[in-house]
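As a plain string of letters, each chain reads:
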Amino acid sequence: MNENHAAALKARKSELEARLRRIDDQLDAPPSSDVSEHAAEIEDEEVMQSVGQAGLAELKAIDAALVRLEKGTYGICVRCDGPISEARLNAVPHAALCEDCIRIR
């Protein structure tokens, strides 16, 4: 179980890091001198920043899951210490909460 999840977490982490680098590169690009194009670029930047923030949050959750793997606590809910189901971990490998705790969040 943990080996498959570790591989999935590491693959997703690499994917997110690459995406965040592309977002940073796009945000660092010089703005267009065309006024209408510049307005569209500003909107695009806001979307990219939002996507980047979501990516950073997921990256943080993945790093925490990798630490739990190292400590041997992966698959154990951080709130109630109960097991996190295999189905939940397959759907969200970085899940820190079991189904019951996610509902009472």
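Whatever comes next refers back to the structure up there.
Remember, it's a predicted structure, so these values are computed and weren't measured experimentally.

### Some remarks on the overall build of the chain
Line of reasoning, step 1. From N to C terminus, the chain includes four helices and zero strands.
Line of reasoning, step 2. Residue burial in the chain is summarised as follows: out of 105 residues, 27% are buried.
Line of reasoning, step 3. Sequence-distant contacts, at least 24 apart, represent 53% of the contacts inside the chain between residues at least 6 apart.
Line of reasoning, step 4. Carbon and sulfur atoms make up 53% of the accessible area of the chain, which amounts to about 7,000 Å² in all.

### Here we look at the nonpolar core
Among soluble globular proteins, nonpolar side chains are generally buried collectively.
Line of reasoning, step 1. Counting 18 residues, the largest nonpolar core has Leu-9, Leu-69, Tyr-74 and Cys-77 as its most contacted members.
Line of reasoning, step 2. Taken together, the elements giving at least two residues each to this core come down to α1 (2-28) and α2 (35-71).

### Digging into the pattern of salt bridges
Side chains that differ in charge, positive against negative, can pair when their charged atoms come close.
Line of reasoning, step 1. The tally for this structure, following the rule as stated, stands at five salt bridges.
Line of reasoning, step 2. Between Arg-19 and Glu-15 there is a salt bridge; the shortest N-O distance is 3.5 Å. Remark: Glu-15 and Arg-19 occur in helix α1; sequence separation between them is four residues, near one turn of the helix.
Line of reasoning, step 3. What makes Arg-19 partly exposed here is its relative accessible area of 30%.
Line of reasoning, step 4. What makes Glu-15 partly exposed here is its relative accessible area of 39%.
Line of reasoning, step 5. Across the pair Arg-103 and Asp-100 runs a salt bridge whose closest N-O atoms are separated by 3.0 Å. Of the two residues, Arg-103 and Asp-100 both sit in helix α4 (residues 99-103), three residues apart, roughly one turn of that helix. Here the two residues Arg-103 and Asp-100 agree in accessibility, since each one is exposed.
Line of reasoning, step 6. Taken together, the shared-partner salt bridges in this structure form one network comprising Arg-12, Glu-15, Arg-19 and Glu-58.

Each value, and the rule that gives it
- Residues numbered from 1 in each chain as written.
- Predicted model: local features only at pLDDT ≥ 70, side-chain atom pairs only at ≥ 80, totals over all residues.
- Heavy atoms only, no water.
- Helix = DSSP H or I, 4+ residues; strand = E, 2+ residues; numbered from the N terminus.
- Buried < 20%, exposed > 50% of the residue type's maximum accessible area, 1.4 Å probe, protein only.
- Contact = heavy atoms within 4.5 Å.
- Areas by Shrake-Rupley, 256 points an atom, 1.4 Å probe, with all protein chains shown as cover.
- Core = buried A, V, L, I, M, F, W, Y, C linked by side-chain atoms within 4.5 Å.
- Salt bridge = Lys/Arg side-chain N within 4 Å of Asp/Glu carboxyl O.

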